[in-house]
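Observations on the model geometry
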Amino acid sequence: MSQRARTRPEGSGQALSEAYDTALLDLDGVVYAGGNAIAHAVDSLATAREGGMHLAYVTNNALHTPDAVAEHLTELGIPTGADDVITSAQAVARLISEQVPAGARVLVIGGEGLRVALRERGLEPVESADDDPAAVVQGFGGPDLPWGRFAEASYAVARGVPWFASNTDLTIPSGRGIAPGNGAAVEVVRIATGAEPQVAGKPLPPMHRETILRTGAKRPLVVGDRLDTDIEGAFNGEVDSLLVLTGVTDGPQLLAAPPQHRPTYVDADLRGMLTGQPEVSEAGDGFRCGGWTAKAGQERLELDGDGEALDGLRALCAAAWTAAGEGVCELDAGKALARLGL
């Protein structure tokens, strides 16, 4: 089934770690949250790696360098080298280097990850709009980024300096909940200037290009928790995806997903990489997965049966996505999801 025509999650007779050569794993909300490993992540990744799957970590968070990310993953019990980490800082640095002269100055609004990535491309990071920058780049700077940095970006952008953003994720998972992400910071500069940045990170092509160039993946599986970055990025790159429900996406968001946000597979956490995925099949005027049958009624999604909650969710996805393709929208899914404990 084409990624662009997806009306139900797919099944797989093989474990996903065997069916794909490389896992392109998001970090925040997938591997860790707030710096702590998510349940089952460490063991699942170890098993996948021991089985021969290449693991690459692909993050829109431009704050940390690949070395720092790799060190943190290794401390969590996930042995990782810097070459296994691809960041939106690297993607945006390549994008900038293709548009400004070699050795050009770039005003940095963000963290060390951006500075290291720019130097890797032969560019010079600077701190002031008065340093005659050829470009402005904005990336996640963490909770302690001073407000004055946004003003510095605004001064340069208002003078006509080209503006780039590593990514525009509005939120980022933390150990205490959902916090503002780089996209919220980008909005500050957009409001002040009326300008629009060039964006490199997921779900846009520069990030997918950077990932493939650095990993050499032939049959990659994107693994993420966000529909609007991870899953849409897989859609744009025309590769398969696994959505895990350990981050920001919940049941109602998944059921309401437009075609570009519909994952190939859905599972609770990274253990889903180690198993096959159940088939979702047509059953009368609805869809069956495991012990559940779901269909779209006149005003709501209807669910019948019992068994694993995830099977019920997969059946509901097929009913909702098919109904959306037929012009039915805003179906009430609350009762069905409540029955699944979602």
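Computed from a predicted model, the values in this text were never measured in an experiment.

**Digging into the sheet that holds strand S17 (residues 286-289)**
The strand order across the open sheet built from 4 strands is S16-S17-S18-S19, with neighbouring strands paired in antiparallel fashion. In this open sheet, the two edge strands, each paired with only one partner strand, are strand S16 (281-283) and strand S19 (301-305). For this sheet, the mean inter-axis angle between neighbouring strands, taken without regard to orientation, is 30°. Both S17 and strand S18 (residues 292-296) contribute to a ladder of 3 bridges, which runs antiparallel. Residue pairing for S18: Phe 287 is matched across the bridge by Ala 294. Sitting on the sheet, helix H11 (residues 309-325) is in contact with S17, S18 and S19, with an inclination near 20° to S18.

**Some remarks on the state of the cysteines**
Within the structure shown, the criterion is met by 0 disulfides. In this structure Cys 289 is not part of a disulfide, and its nearest cysteine sulfur, from Cys 317, lies 9.7 Å away.

**Side note on the layout of surface pockets**
Rolled over the atoms, a probe as big as a water molecule pinpoints where empty space is left. Of the volumes computed, that of the largest pocket is approximately 490 Å³. Forming the walls of the largest pocket are 25 residues, and the residues nearest its centre are Asn 61, Phe 140, Gly 142, Pro 143 and Ile 172. Secondary-structure elements contributing two or more residues to the lining of the largest pocket are helix H3 (66-75), strand S10 (171-174), strand S11 (177-180) and helix H7 (182-193). Residues belonging to the lining of the largest pocket are distributed by class as follows: 13 nonpolar, 11 polar and 1 charged.

**As for the pairing of S18**
Where S17 folds back on S18, the antiparallel hairpin that results is connected by 2 residues, among which Gly 290 adopts a positive phi of roughly 60°. Judged from the 5 bridges that link them, S18 and S19 form a sheet pairing that is antiparallel. Paired with Thr 293 across the strands is Asp 304, a residue of S19. Counting the residues that bridge the hairpin from S18 to S19 gives 4 residues.

**Quick notes on the nonpolar core**
Side chains that are nonpolar tend, in soluble globular proteins, to be buried together. Counting 29 residues, the largest nonpolar core has Leu 254, Leu 255, Leu 301, Leu 303, Leu 313 and Leu 316 as the members making the most contacts within it. Counting only elements with at least two residues in this core, the list comes to helix H9 (227-237), helix H10 (251-255), S17, S18, S19, H11 and helix H12 (334-339). No other element matches the 10 residues that H11 contributes to this core. When residues no more than four places from it in sequence are discounted, the contact partners of Leu 301 are Leu 255, Lys 295, Ala 296, Leu 316, Ala 319, Ala 320, Leu 331, Asp 332, Ala 333 and Ala 336.

**Some words on unusual backbone geometry**
With an omega of 15°, the peptide bond between Lys 202 and Pro 203 qualifies as cis. Structurally, Pro 203 is set in the loop between strand S12 (198-199) and helix H8 (205-215). Not every positive phi belongs to a glycine, and His 40 is a case in point at roughly 75°. Relative to the elements of secondary structure, His 40 occurs in the loop between strand S3 (36-37) and helix H2 (41-50). In this model, Asp 132 sits at a positive phi of 55°, which is unusual for a non-glycine residue. Residue placement: Asp 132 occurs in the loop between strand S7 (124-126) and strand S8 (135-138).

**Examining the sheet that holds strand S6 (residues 105-109)**
Pairing in this open sheet of 5 strands is parallel, and the strands run S7-S6-S8-S9-S12 from one edge to the other. Two strands close off the open sheet at either side, each with one partner strand: S7 and S12. Where S8 meets strand S9 (residues 163-165), 3 bridges bridge the pair, whose relative direction is parallel. The residue of S9 that forms the bridge with Val 137 is Phe 164. Together, S6, S8 and S9 form the strand contacts of helix H6 (residues 148-158), whose direction differs from that of S6 by roughly 145°. Set on the sheet, H7 makes contact with S8 and S9; between it and S9 the angle comes to about 160°.

**Let's talk about the packing of aromatic side chains**
Evaluation of the coordinates by the stated rule reveals 2 aromatic pairs. Ring plane angle 75° and centroid distance 6.3 Å describe the contact between Tyr 20 and Tyr 265, whose orientation is recorded as edge-to-face. Within this pair, whereas Tyr 20 is found in the loop between helix H1 (16-19) and strand S1 (22-25), its partner Tyr 265 is found in strand S15 (residues 265-267), the two being separated by 245 residues in sequence. A relative accessible area of 3% places Tyr 20 in the buried class. Where Trp 147 meets Phe 150, the ring centres are 5.3 Å apart and the plane angle is 85°; that geometry is what we call edge-to-face. The exposure class of Trp 147 is exposed, given its relative accessible area of 63%. Phe 150 gets classed as buried once you look at its relative accessible area, which sits at 10%.

Thresholds applied
Residues numbered from 1 in each chain as written. Predicted model: local features only at pLDDT ≥ 70, side-chain atom pairs only at ≥ 80, totals over all residues. Heavy atoms only, no water. Pairing = 2+ DSSP bridges. Helix = DSSP H or I, 4+ residues; strand = E, 2+ residues; numbered from the N terminus. Axes fitted to C-alpha atoms, helices over the stretch in contact; angles between N-to-C directions. Contact = heavy atoms within 4.5 Å. Disulfide = S-S within 2.5 Å. 1 Å grid on protein atoms, 1.4 Å probe; cavity = no way out; pocket = protein on both sides within 12 Å on 5 of 7 lines; lining within 4 Å. Points joined across faces, edges and corners; volume = space filled by probe spheres on them. Nonpolar A, V, L, I, M, F, W, Y, C, P; charged D, E, K, R; others polar. Core = buried A, V, L, I, M, F, W, Y, C linked by side-chain atoms within 4.5 Å. Buried < 20%, exposed > 50% of the residue type's maximum accessible area, 1.4 Å probe, protein only. Phe/Tyr/Trp six-rings, centres within 6.5 Å; stacked < 30°, edge-to-face > 60°.

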